[in-house]
Structures are given as C-alpha cells and as structure tokens.
Amino acid sequence: MNEKKYILAIDQGTSSTKTIIFDEQGLVIARASEPLKTNYLSDGFVEQDALGIFENVLSSVKKCIEQFINNGGDLTSMTCCGISNQRETFVVWNGKGKPLHNAVVWQCKRSVQVCERLKEEGLEDYIRSVTGLIIDPYFSASKLIWLKENNESIKKAISENDLYFGTIDTWLLYQLTDGKNYVSDYTNASRTMMFNLKTLQWDMKLIERIGLSGICLPQLKSSSADFGQTDFKGLLPSAININAMIGDSHAAAFGEGCFETGTAKATMGTGCSVLMNIGNEVKLSSNGMVTTICWSTEDAIAYALEGVIVSSGATVEWLKTELQLFSDNMICEAMAMSVNDNDGVYLVPAFSGLGSPHWNMTVKASINGLSFSSNKNHIARAALESIAYQIKDVIAAMEQDTNIELQMLMADGGITSNKFVMQFLTDLLQKNVISIGMPDVSALGAAYLAGLKSKVFKNIEQLKTLNKNRTILSPAMNTGIENYYRGWKKAVSKLVEQHNEN
C-alpha cells in the first residue's frame, strides 16, 4: 500500500503569506494565511521588516500545519516544499545573517533619479539586450545602487565584500537553512536587472558598470531543483527538501498550465500581469514588453514576454467608491449586461498612466463618446471592456514581437468571477480563455515544480491531467467586436496625442 504524499507550498506575497498543503492530485488539503505589514514612507519609499517577513512565513506555516493535523494529516507524509515569492523585493545582510536594512519592496520609487542617470550614461540598450528589462525603479538593481550611495554601513559592507544580496526567495532559504544555502532561481534573478538571460548567470560586466562590484550574489539554479532542507525551525518533526523556488507571477503561469509556446496567463487583480511562454529562445520586445524567464526545470527552460497593465480591477473599484455607480462589484456585471452595446462609450483607465504596450505614465484617464443616450450602464460596460481591451493590446504586441500566435489564455485573479469580462475577452481574442478556479495558483505552481523534482509527479504530461474542474470559454460570433476594438484604439491614440500636445 502506497503512503500518501503531500507538498507544502509557501506563497510569500506583498500583503500576506499563504501556506497551502497539496496532495498528489494537486488538491488543497489545508490552507492558512498571515497578513504582512508594509511601511509606506515619504517620497515613495516602500519597505518591510526583513526578519518580520521570515517570522510571518513561520506563522503562516504553523497555522497551516495545525489545520492539517486537525484534519487527520500525518506530518511524516510531508514530502517536500515549494516557495513562490513577491518578485523584485530584496534584502541585504552581512555574513552573520543580520539584515543591514529593511527589505526594499518592488513598489518603492526611491531610485527614479538613479534610473535617469543610468539612461544618461547610455546603459539602456546594453541592459535591455542582456537582461531583457527596461531601466525602471521597479527592478532591484537601481534601488541597491541607491542604498550604496545613501547608506554608509551598506557602502562599507560592499567594500569589505560582506554584503549579501537576495530576493525574498533567497532570504527565506538562507534563514530556513541557517545560512547553509545561499541560492536563487532563474525567474527571481531575471527581475533584478543584473541577470544575463542567455548565459543564465549574473552579468558581472553589467554589475561592474553600474558600480556594484563587491556584492555577494547567490548561486543560481532552475526553479525545480534541490535547494536544501528545513524543518521550519522545529515546526516539522524532521527536515524536508525545498525543491522549488520561483517568482509568484511565474509560478502562476506554471500553475495555470503555460507549458507550451504560445500559451499565456493573465492575472487580473488590481492591475494585470500578462505572461506569454515564447519557447526556449530569448526574444526581445520592440513594443513595450520585458523579456523574462517563464519557468525552468533541470531539463527545460521557457522564456516569456511580460506585459504590465496598471489598472484592471482598480477601475471597477473607482466606479464603486468615487462615482458610487454601484455598491457591489457584482452589480457592475449586471449593469454591463443590461445594455446591448457600448453606445460608443470608452473608458481609458490611465489613472496611474498607461502600462504595456504604451508605457506613458503621465497621461490621465478619460471617458469618451458620451451622448444623451448614454447612461451609467454604458459607463460600467466601458470600464469592464477596458480590462479586455488592454489584455488584447498586450497579446497583439507580443504576437508582433515574436511571430508566435496566442494558442490559449489562462486567467486567474478576482476579475475572473465577472462573466461579462471573461466572455468579452474570449470574443475579443478569438481564442479559448481558461480558468482553473484556483485562487492560490502561485502556490499551486510552486507545488507542481517541487513535486516534479521530488518525483511526486512523473512529468509535465501528468500535470496536464490534474485540476480538471476548469472552466473553458470559447469565442462566440460577435460581429461588432472588431469595431469596438477599433474604437478603443482610436480613443487611446486620441488621449495620448492630446497629452503630448499639452
């Protein structure tokens, strides 16, 4: 009789840490979450307590284990662990394992001037060609430069080769293994602006050019690998293998099933992250995307283009809280469905600028095409349509960059519960849109990758047979949708032109 095997998955996010225990069928057996405090300081500085993040993880793991035991689970059946994490956020510490500063969060804008300087120094083309990224405060390196230039203790530690740099996966691993393992994976490394996509190593030439020579950098491995062992500071009776580490958006792509070239995922929350598997070769974008690692095992690597949409669910929230058009987000769906068409009304949700593929962060939002025949239902519909239009813009740009046609789109996030958005998006793309109905898809992806390494799962083909309770939407014949999309592109172009004239 075969004993059951379970996988412990940790999803360490910006606002909380989720811990989930999965069985061999990819089903949730126990789940716990622990909220995490973020410090929003002046001048756009965003930080978190580095040791607090680790303690937050332990608290979340403890809650989940207790639930597992209360449900009759046997801790000796815990096979391995996988970790997904908030990307770009990083910690610096010394050889004794002591943090030298708070964790600097991906949202932090302290390095805007550093980025401008790097551009003036002519580094933009080199950084793009090597890392696949644009020079932006979003990515880790510019904020590490800022710390070196504005914090004497950090500057001194670098000069003495006693500054350890790590994204959150690396920091957690270092703590969980009592400093024995100092490793990161390719996906997290690809978000630092110091990683060479082609060599799959740190680009020492670039690191020297941006003035960061002397920092200690973790060893790099595929997302599914042997990262060490931990008993979570005594929470488990014996140590288990850590067999996966991966950035959360990449983990979501793997959990959704973006295994083949041309498959993509869209995480639709406050904003929207679109990640498209572009195969095993690096392809750079000319249309406002960044190139990154999608996922990797010890046998395979998949690259991806990523597009970032700034306002998705945030637009619906604005209609509710500021315009007070409805009291519940589900009412917005009914309002949109109550009208036969959009009546020529378009809402361009540039509340914080436009992300991919436009990258115009100073343009402002607008509502266009209003007439006496327009009502609040048309505005609600325009808001929901804008979510789909923006995803279409990103997918079209990706297809143009790579000559790879979208095969299918996997969708996750809160907006997937909106039937209007999901069907409109399906009709607009003229491709199947799939939702697996799993709210914790990043944790699922980490569990899948850990399970592959530990042989809980045989191969990716087996993973395709799991989580069969997925919703598959097929495109309907919508004769007017191409005209709707042309109207959207005209509204965006007009808005950008007006902004540029001013």
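In the block above lies the structure referred to throughout.
Note that the coordinates shown come from a computational prediction; the quantities given were computed from them, not determined experimentally.

Structural notes on the layout of surface pockets
Of the volumes computed, that of the second largest pocket is approximately 250 Å³. Considering the residues around the second largest pocket, the lining is formed by Ser-224, Thr-297, Glu-298, Asp-299, Leu-452, Lys-453, Lys-455, Phe-457, Lys-458, Asn-459, Ile-460 and Glu-461. Those elements giving two or more residues to the lining of the second largest pocket turn out to be α14 (441-453) and α15 (460-463). Class assignment for the residues of the lining of the second largest pocket results in 3 nonpolar, 3 polar and 6 charged.

Quick notes on the side chain of Gln-175
Locating Gln-175 in the fold gives a position in helix α6 (residues 168-176). Its relative accessible area of 14% is what places Gln-175 among the buried residues. Every residue in contact with Gln-175, bar those within four places of it in the chain, is listed here: Leu-51, Phe-54, Gly-97 and Lys-233.

Observations concerning the packing of helix α1 (residues 50-70) against α6
Where α1 meets α6, the axes come as close as 10 Å, and the angle between the chain directions of the two elements is 70 degrees. In terms of their interaxial angle, α1 and α6 are classed as roughly perpendicular. In this structure, α1 uses Ala-50, Leu-51, Ile-53, Phe-54, Val-57 and Leu-58 to contact α6, whose residues at the interface are Ile-168, Trp-171, Leu-172, Gln-175 and Leu-176. Class assignment of the residues belonging to the contact of α1 with α6 gives a composition of 10 nonpolar, 1 polar and no charged.

Quick notes on helix α13 (residues 419-429)
The element α13 is extensively covered by neighbouring structure, given that 9 of its 11 residues are classed as buried. Those residues of α13 that fall on the buried side of the exposure criterion are Phe-420, Val-421, Met-422, Phe-424, Leu-425, Thr-426, Asp-427, Leu-428 and Leu-429. The opening residue of α13 is Asn-418, an N-cap whose side-chain oxygen sits 3.1 Å from the backbone nitrogen of Phe-420. At the C-terminal side of α13, Gln-430 shows a positive phi close to 55 degrees.

As for the pattern of salt bridges
One pass over the structure, following the stated rule, counts 20 salt bridges. Here Glu-160 makes a salt bridge to Lys-156, at a shortest N to O gap of 2.8 Å. Given a relative accessible area of 46%, Glu-160 falls into the partly exposed group. Beyond isolated ion pairs, a larger network of salt bridges with shared partners links Arg-87, Glu-88, Arg-191, Asp-248 and Glu-306.

Let's talk about the sheet that holds strand β16 (residues 263-268)
Strand order in the open sheet formed by 7 strands is β18-β19-β17-β16-β22-β23-β24, and the pairing between neighbours is mixed. The open sheet has two free edges, formed respectively by β18 (290-296) and β24 (471-473), since each of these has just one partner strand. Strand-to-strand twist across the sheet, computed as the mean angle between neighbouring axes with direction ignored, equals 25 degrees. Relative to strand β19 (residues 301-309), strand β17 (residues 272-279) runs antiparallel, the two sharing 7 bridges. Looking across to β19, one finds that Asn-277 is bridged to Ala-304. Running over the sheet, α13 touches β16, β22 (408-412), β23 (433-435) and β24 and is turned about 145 degrees from β23.

Definitions and limits used
- Residues numbered from 1 in each chain as written.
- Predicted model: local features only at pLDDT ≥ 70, side-chain atom pairs only at ≥ 80, totals over all residues.
- Heavy atoms only, no water.
- 1 Å grid on protein atoms, 1.4 Å probe; cavity = no way out; pocket = protein on both sides within 12 Å on 5 of 7 lines; lining within 4 Å.
- Points joined across faces, edges and corners; volume = space filled by probe spheres on them.
- Helix = DSSP H or I, 4+ residues; strand = E, 2+ residues; numbered from the N terminus.
- Nonpolar A, V, L, I, M, F, W, Y, C, P; charged D, E, K, R; others polar.
- Buried < 20%, exposed > 50% of the residue type's maximum accessible area, 1.4 Å probe, protein only.
- Contact = heavy atoms within 4.5 Å.
- Axes fitted to C-alpha atoms, helices over the stretch in contact; angles between N-to-C directions.
- Parallel < 35°, antiparallel > 145°, perpendicular 65-115°, else oblique.
- Polar contact = N/O pair within 3.5 Å; in protein donor to acceptor, adjacent residues only side chain to side chain.
- Salt bridge = Lys/Arg side-chain N within 4 Å of Asp/Glu carboxyl O.
- Pairing = 2+ DSSP bridges.

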